[in-house]
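For reference, the chains in residue letters:
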Amino acid sequence: MGVRPQSATVHTKARARVWWRALDAERLAAAHNEWRCQVCGEALPDAAWVLATPDGAVLQAALHEACMHLAVEFCPHLTSAATRAAGRLVTREHLAADGRSLSQATLSGPHFLQQWELAVDPLTPKGCERGK
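It should be emphasised that the depicted structure is a prediction, and the values quoted were computed from it without experimental measurement. (Residues numbered from 1 in each chain as written. Predicted model: local features only at pLDDT ≥ 70, side-chain atom pairs only at ≥ 80, totals over all residues. Heavy atoms only, no water.)

K.L.:
Would you explain unusual backbone geometry in this entry?
P.N.:
Leave glycine aside and you will find that most residues have negative phi; peptide bonds, for their part, are mostly trans. A positive phi is found at Q60, a non-glycine position, where the angle reads about 70 degrees. Positionally, Q60 belongs in the loop between β3 (48–52) and α2 (65–74). Here D98, not a glycine, exhibits a phi torsion of approximately 55 degrees, which is positive. When its relative accessible area of 54% is taken as the criterion, D98 is described as exposed. (Helix = DSSP H or I, 4+ residues; strand = E, 2+ residues; numbered from the N terminus. Buried < 20%, exposed > 50% of the residue type's maximum accessible area, 1.4 Å probe, protein only.)

K.L.:
Can you help me understand the sheet that holds strand β5 (residues 95–97) in this one?
P.N.:
The strands making up a sheet are joined through hydrogen bonds of the backbone, oriented either antiparallel or parallel. If you trace the 3 strands from one edge of the open sheet to the other, you get β6-β5-β7, paired in antiparallel fashion. Two strands close off the open sheet at either side, each with one partner strand: β6 (100–101) and β7 (116–118). As paired strands, β5 and β7 are joined by 3 bridges and run antiparallel to one another. Bridge assignment links A96 to a residue of β7, and that residue is E117. (Pairing = 2+ DSSP bridges.)

In structure tokens:
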């Protein structure tokens, strides 16, 4: 059995025990607000990946391409038949929250996480999605 990567947005209990079912809202809010990868926590380049459903709902926050592949490998429900999410290459300008661009939207916080959506066509053309 391989070792699972630890997501930067997953809550960690005492003695560094990972609690896989609980996201750390503060870390996820930081990933939203600071354009950081939700898996490794590192800064993202201008263009990064999101997992988006066919109707444009973004699952959580953006990722590096390698981190997106890890997330899909270890969390197959992300691209299951229920979500049908696929990787899309985007910039912050391609995303919206509450119908407003991310630059105009309320910042995420530990008690309120924005639900991102694709605002305009992402950089990834249809049919070239990754992470399926």
